[in-house]
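Take a look at the letters that make up each chain.
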Amino acid sequence: QQYKVLNNGKDMKEEAATYGNDICFTGDDEVTMANGGKKMIKDVKSGDEVITVNPVTNKSSIKKVKELTVHAAKNYAVTELILVSAKEKNSNAGLNINLDTKVLKATPNHPMLTKQGRLKIGDINIGQQVLCLNEQNGKYETYTVLRKKEHAGGVQNVYNIEADGGSTLVLNGVMVMQK
């Protein structure tokens, strides 16, 4: 119990990863706001309203930001996922394939919810599926990991949002877990 108190109630074993305990996003990832707009995570303020998605029902709701955590500039490792959704539709003109893509960058230890359950973004592999917002139709759908790249992100701050409820946020159109 004292260990958890010293670490602000966090179970550091659960948060530990190769690159430290800062579970965050780069400053240029965009958060989906309650008004439908987007804001870079580094510009989000306490009191802003964001979208959170119920991973069971895929229904979104609005939550207030309690805190934006900023971790000091270090040379963070970054995992980048390129996600794709392909929809096929037959028509008189032939087969039409509509592709939609998303890119998400985070420290390798940030939790995500996949079809296989809760995984750290660094443990997600090509071919796995995550829930994303299809901005063309406004629905939450599964997108497939097309490419994964891990690299040093360079010296930078990294950010994380704590909202007053919900377990997820939508960054760059991708449903991510609050840490």
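Whatever comes next refers back to the structure up there.
Residues numbered from 1 in each chain as written. Predicted model: local features only at pLDDT ≥ 70, side-chain atom pairs only at ≥ 80, totals over all residues. Heavy atoms only, no water.

**Q** So what exactly am I meant to see when it comes to the overall build of the chain here?
**A** When you go through the chain residue by residue, the secondary structure sums to two helices and 12 strands. Starting at the N terminus and ending at the C terminus, the chain contains elements arranged as α-α-β-β-β-β-β-β-β-β-β-β-β-β. Residues counted as buried form 42% of the 179 residues belonging to the chain. Here the analysis covers contacts within the chain between residues at least 6 apart in sequence; of these, 59% occur between residues at least 24 apart. Surface exposure of the chain reaches about 9,600 Å², of which carbon and sulfur atoms provide 47%. (Helix = DSSP H or I, 4+ residues; strand = E, 2+ residues; numbered from the N terminus. Buried < 20%, exposed > 50% of the residue type's maximum accessible area, 1.4 Å probe, protein only. Contact = heavy atoms within 4.5 Å. Areas by Shrake-Rupley, 256 points an atom, 1.4 Å probe, with all protein chains shown as cover.)

**Q** In this structure, what is going on with the pairing of strand S6 (residues 94-106)? I would like to understand it.
**A** Every regular strand shows the same layout, with side chains that alternate between the two sheet faces. Examined bridge by bridge, strand S5 (residues 60-91) and S6 share 13 bridges and lie antiparallel to one another. Paired with Lys89 across the bridge in S6 is Asn96. Taking the residues between adjacent antiparallel strands as the criterion, S5 and S6 are bridged by two residues. (Pairing = 2+ DSSP bridges.)

**Q** What should I look at first to understand the side chain of Thr168 in this one?
**A** Mapping Thr168 onto the fold places it in strand S11 (residues 168-171). From its side chain, Thr168 meets the backbone oxygen of Val53 in a polar contact 2.7 Å long. In contact with Thr168, not counting residues within four places along its chain, are Ile51, Thr52, Val53, Pro55, Met175, Val176, Met177 and Gln178. (Polar contact = N/O pair within 3.5 Å; in protein donor to acceptor, adjacent residues only side chain to side chain.)

**Q** Just to check I follow, could you spell out unusual backbone geometry for this structure?
**A** Glycine aside, residues mostly have negative phi, and peptide bonds are mostly found in the trans state. At Asn172, a residue that is not glycine, the phi angle is positive and equals roughly 50 degrees. Relative to the elements of secondary structure, Asn172 occurs in the loop between S11 and strand S12 (174-177). Under the relative-accessibility criterion, Asn172 is labelled buried at 19%.

**Q** Sorry, what's going on with the environment of Gly47 here?
**A** By secondary structure assignment, the location of Gly47 is in the loop between strand S3 (38-40) and strand S4 (49-53). For Gly47, a relative accessible area of 37% translates into the label partly exposed. Once the C-alpha coordinates of Gly47 and Lys66 are considered, the two residues, 19 residues apart in sequence, prove to be 6.4 Å apart. Among all residues touching Gly47, those that are not within four sequence positions of it are Lys64 and Val65.

**Q** Quick question: what am I supposed to make of the environment of Ile23 here?
**A** As for its position among the elements, Ile23 is in the loop between helix H2 (12-15) and strand S1 (25-26). Each C-alpha atom, one on Ile23 and one on His110, is 4.9 Å from the other, the two residues being 87 residues apart in sequence.

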